[in-house]
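Breakdown of the fold
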Amino acid sequence: MSEQSFQTLGEFIIDKQEDFMYSTGELSRLLSAIRLASKVVNREVNKAGIANIIGKVGSENIQGEEQQKLDVLANEIFIEALSQREVVCGIASEENDDYIEVKCGSNAHLSKYVVLIDPLDGSSNIDVNVSVGTIFSIYRRVTEPGSPVGIEDFLQKGVNQAAAGYVVYGSSTMIVYTTGNGVNGFTLDPSLGTYYLSHANMEFPKTGKIYSINEGNYIKFPQGVKNYIKYCQREEDDRPYTSRYIGSLVSDFHRNMIKGGIYIYPSTSQSPNGKLRLLYECNPMAFLAEQAGGKCTNGFERIMEIEPTELHQRVPFFCGNREMVEKAEEFMAAAAEN
Ligand code: P6P
């Protein structure tokens with residue numbers, strides 16, 4: 001094998017441990033648990049078509065969405081990996097109605113972190129072999145160490161995140177994460193089962209020409225969004241922009257961060273708060289976006305400043321290049337004035 005010039009994710013996590021004052025190594029162990037779980041999920045995603053685990057288990061999650069078999073499996077894999085290592089005291093998942101107090105082992109309750117996760121985002125794409133992702137958000141608990149974890153440990157503003165990231169199970173599998181010191185991407189070498197640093201210090205390009213939105217919902221969009229879409233399509237200056245929408249948030253976000261673009265899931269007449277969930281989709285992606293020089297709002301205010309009220313609450317979501325998000329916000333503000 002040619003000499004790999006990349007640092008492994010494991011080495012990187014240890015090297016960056018110094019970024020944390022009084023680091024106890026707990027966050028490093030937490031990130032390592034996520035790394036391991038992602039490899040197991042990657043194996044299952046890659047064999048989905050063969051292992052006949054495609055399709056639905058006939059159950060629904062709290063979102064009322066039919067759960068794919070892989071949804072359920074991915075959820076179990078991440079919960080198991082996080083629980084068995086006594087690195088978190090609580091877990092909230094898109095697939096679970098309520099949060100889970102981690103009791104495995106004698107010390108889990110002493111851990112200072114909670115994790116919120118969307119174990120397999122975009123899972124409806126699995127049957128058609130389109131990339132999917134895992135999204136995670138990590139907070140320090142606010143309740144007393146050793147006491148039972150409480151809902152207040154999960155209902156924290158995005159600005160309080162200790163770390164956030166995603167796994168994209170695409171043409172290659174990558175982990176992209178931040179601990180507040182920039183964004184770094186690691187690509188899995190499946191022949192070795194090792195992630196290597198492949199995208200150091202990821203940042204949105206200064207400009208972007210891609211807009212990602214489900215235009216099938218056009219008629220239901222707020223007027224400001226309709227006006228912004230028409231702006232993207234007009235033949236003037238550097239436009240028309242390119243429309244790219246995979247239907248998998250992680251994949252659309254990942255492409256836009258590399259090539260430059262904006263992803264919008266706005267409120268609609270049917271869903272006044274949009275579709276995406278604040279705590280385990282919008283906040284982690286917002287943390288990454290801001291750390292990569294981008295911007296993330298609900299069309300009017302910073303996503304990471306929104307005070308959460310419910311575990312599965314939804315918010316409108318505008319995320320990407322700073323200048324593209326600000327242009328979209330201009331159209332939202334102008335429409336709101338009329
Ligand atoms: P729609 C997947 O269910 C998801 O949460 C995101 O990954 C994706 O961008 C969006 O919903 C797709 O939603 O309504 O356009 O199919």
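Residues numbered from 1 in each chain as written. Predicted model: local features only at pLDDT ≥ 70, side-chain atom pairs only at ≥ 80, totals over all residues. Heavy atoms only, no water.

The condition is simple: UniProt positions are given in the numbering used here, feature names are shortened, and annotations may be inferred rather than shown by experiment.
Going by what an unreviewed UniProt entry lists, the chain is known as Fructose-1,6-bisphosphatase class 1 and is assigned to Kaistella solincola. UniProt's Pathway (unreviewed entry) comment on the chain is quoted here verbatim: "Carbohydrate biosynthesis; Calvin cycle." Quoted verbatim from the Sequence similarities (unreviewed entry) field of UniProt, the annotation for the chain is "Belongs to the FBPase class 1 family."

**Points about unusual backbone geometry**
As a reminder of what qualifies: Helix numbers and strand numbers start at the N terminus; a helix is a DSSP run of H or I with at least 4 residues, a strand a run of E with at least 2. Burial here depends on accessible area, computed with a 1.4 Å probe over protein chains only, as a share of the maximum for the residue type. Under 20% is buried, over 50% is exposed, and the range in between is partly exposed.
The amide bond that connects Arg239 to the next residue, Pro240, takes the cis arrangement and shows omega of 10°. One can find Pro240 in the loop between helix H4 (223-233) and strand S12 (242-243). Positive phi is not limited to glycine here, since Asn129 has a value of about 60°. Within the secondary structure, Asn129 is located in the loop between strand S5 (113-121) and strand S6 (132-140). A residue is classified by how much of its surface remains accessible, and Asn129, at 73% relative accessible area, is exposed. Phi angles above zero are rare outside glycine, and Asn201 is one such case at about 45°. For Asn201, the position within the fold is in the loop between strand S10 (194-199) and strand S11 (210-212). Given the relative accessible area of 56%, Asn201 is considered exposed.

**Description of a nonpolar patch on the surface**
Selection rule: Here a patch means residues that are over 30% exposed by relative accessible area and free of salt bridges, tied together within 9 Å if like-charged and within 5 Å if nonpolar (Val, Leu, Ile, Met, Phe, Trp, Tyr). The Shrake-Rupley method, run with a 1.4 Å probe, gives the accessible areas here. Residue values count only the displayed protein chains as cover. Each salt bridge in this description consists of a side-chain nitrogen of Lys or Arg and a carboxyl oxygen of Asp or Glu lying within 4 Å of one another.
Residues Val128, Val130 and Ile246 make up a contiguous nonpolar surface patch of roughly 210 Å² in combined accessible area. Turning to its location among the elements, Val128 is positioned in the loop between S5 and S6. For Val128, a relative accessible area of 55% puts it in the exposed group.

**Side note on the sheet that holds S12**
So the rule is basically this: We call two strands paired when DSSP finds no fewer than two bridges between them. Contact definition: two residues touch when any of their heavy atoms are within 4.5 Å. Axis definition: a line fitted to C-alpha atoms, limited for helices to the stretch in contact. Angles are taken between N-to-C directions and run from 0 to 180 degrees.
An order of S12-S11-S13-S15-S14 is seen for the five strands of this open sheet, with the pairing classed as mixed. This sheet does not close on itself; its edge strands, each paired only once, are S12 and strand S14 (295-297). Of the strands in this sheet, S11, strand S13 (261-265) and strand S15 (317-320) touch H4, which is tilted by about 150° from S11.

**Here's the deal with the packing of H4 against helix H7 (residues 322-337)**
The criterion, for reference: Orientation categories follow fixed angle ranges, with anything under 35 degrees roughly parallel, anything over 145 roughly antiparallel, 65 to 115 roughly perpendicular, and all other angles oblique. Take the far helix as the reference: if the near one is turned anticlockwise from it by less than a right angle, the crossing is left-handed, and if turned clockwise, right-handed. For this classification, the nonpolar set comprises Ala, Val, Leu, Ile, Met, Phe, Trp, Tyr, Cys and Pro, the charged set comprises Asp, Glu, Lys and Arg, and every other residue, Gly included, is treated as polar.
Following both chains from N to C, one finds H4 and H7 inclined at 135°, their axes separated by 8 Å at the closest point. When the interaxial angle is binned, H4 and H7 end up oblique. Relative to H7, H4 is oriented so that their crossing is right-handed. Packed against H4, whose contacting residues are Gln223, Gly224, Val225, Asn227, Tyr228 and Tyr231, the element H7 presents Met324, Lys327, Ala328, Phe331, Met332 and Ala335 at the interface. Considering only residue class, the contact of H4 with H7 consists of eight nonpolar, three polar and one charged.

**Re the site of the ligand**
Formally: Only heavy atoms are used to decide nearness, and a residue is near a molecule or strand if one of them lies within 4 Å of it. Whenever two N or O atoms come within 3.5 Å, that pair is a polar contact, provided that in protein one can donate a hydrogen and the other can accept it, and provided that, for residues adjacent in sequence, both atoms are side-chain atoms.
Around the ligand, the neighbouring residues are Asp121, Gly122, Asn214, Tyr245, Gly247, Ser248, Leu249, Tyr263, Tyr265, Lys275, Leu276 and Glu281. Interatomic distance of 2.6 Å between a side-chain N/O atom of Tyr245 and an oxygen atom of the ligand. Taking Leu249, its main chain carries an N or O atom lying 2.7 Å from an oxygen atom of the ligand. For the ligand, whose accessible area on its own is 400 Å², the fraction buried by protein is 82%. When grouped by side-chain class, the residues that make up the shell around the ligand number five nonpolar, four polar and three charged.

**Things to note about the sheet that holds strand S8 (residues 173-178)**
Read from one edge of the open sheet, eight strands run S4-S3-S5-S6-S7-S8-S9-S10, paired in mixed fashion. Edge positions in the sheet fall to strand S4 (100-101) and S10, since each of these pairs with one other strand and no more. Relative to S8, strand S7 (residues 161-169) runs antiparallel, the two sharing six bridges. Looking at S8, one finds that Ala164 is bridged to Thr178. Its contacts with the sheet place helix H5 (residues 249-259) against S5, S6, S7, S8, strand S9 (183-189) and S10, and it is angled at close to 100° to S7.

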